[in-house]
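What the coordinates show
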Amino acid sequence: ITKLAQTTAISIISALQTGSWFGQLLKLVLSASGVKYLIDTNGYICLGSFFGNAIIQWVTENKVLGNSEGAYVTLPITFPTKCVTALLSDTYGKLASSSSPGELTEGTHVYAVTKNSVQIINEWTGGLDDAVTVLAIGY
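Just so it is clear, the structure is predicted and the values come from calculations on it, not from any experiment.

Conventions we followed
Residues numbered from 1 in each chain as written. Predicted model: local features only at pLDDT ≥ 70, side-chain atom pairs only at ≥ 80, totals over all residues. Heavy atoms only, no water. Pairing = 2+ DSSP bridges. Helix = DSSP H or I, 4+ residues; strand = E, 2+ residues; numbered from the N terminus. Axes fitted to C-alpha atoms, helices over the stretch in contact; angles between N-to-C directions. Patch = residues over 30% accessible without salt bridge, like charges linked within 9 Å, V, L, I, M, F, W, Y side chains within 5 Å. Areas by Shrake-Rupley, 256 points an atom, 1.4 Å probe, with all protein chains shown as cover. Salt bridge = Lys/Arg side-chain N within 4 Å of Asp/Glu carboxyl O. Buried < 20%, exposed > 50% of the residue type's maximum accessible area, 1.4 Å probe, protein only.

1. Some remarks on the sheet that holds strand 9 (residues 117–122)
Read across the sheet, three strands follow the order 4-9-8 without closing on themselves; strand pairing throughout is antiparallel. The sheet is open, and its two borders are formed by strand 4 (70–74) and strand 8 (108–113), each paired with just one other strand. Shown here is a sheet whose adjacent strand axes are inclined to one another by a mean of 30°, direction ignored. Pairing of strand 4 with strand 9 involves five bridges; the strand directions are antiparallel. By the bridge assignment for strand 9, Thr74 is matched with Ser117.

2. Concerning a nonpolar patch on the surface
On the surface, a nonpolar cluster with roughly 810 Å² of combined accessible area is contributed by Trp21, Phe22, Leu25, Leu28, Val29, Phe50 and Phe51. Inspection of the secondary structure assignment puts Trp21 in helix 2 (residues 21–33). Judged by relative accessible area, Trp21 falls into the exposed class, the value being 68%.

Right under this line is the structure:
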């Protein structure tokens, strides 16, 4: 990132946080275009009409699943049209009993997506008991 872009981003964030006239104007423009956000452990960014109403969401939840067991992770907001894709935090590893470099790995993966949830399936032989993070993109 260039120094100018970094300085500009810092200035915009500062203006939004301090409530300056520029910050207030920027909030009005962003609101008018449909930009909304919730920056938290589970959150989203709706990019508004400037960017085709794209939405990026993330959720972190602890999941306890047996082998071949699935679960749904509910997204913070429902996509108005569709969820295009979802990614799951790294939960893959090499089979403990494997010594071959080409041996299969096991883990948890995204199985299906809907407008308001992501289905994950656990393929860890010993089960899964860990926090997983889902990143979903749609519009």
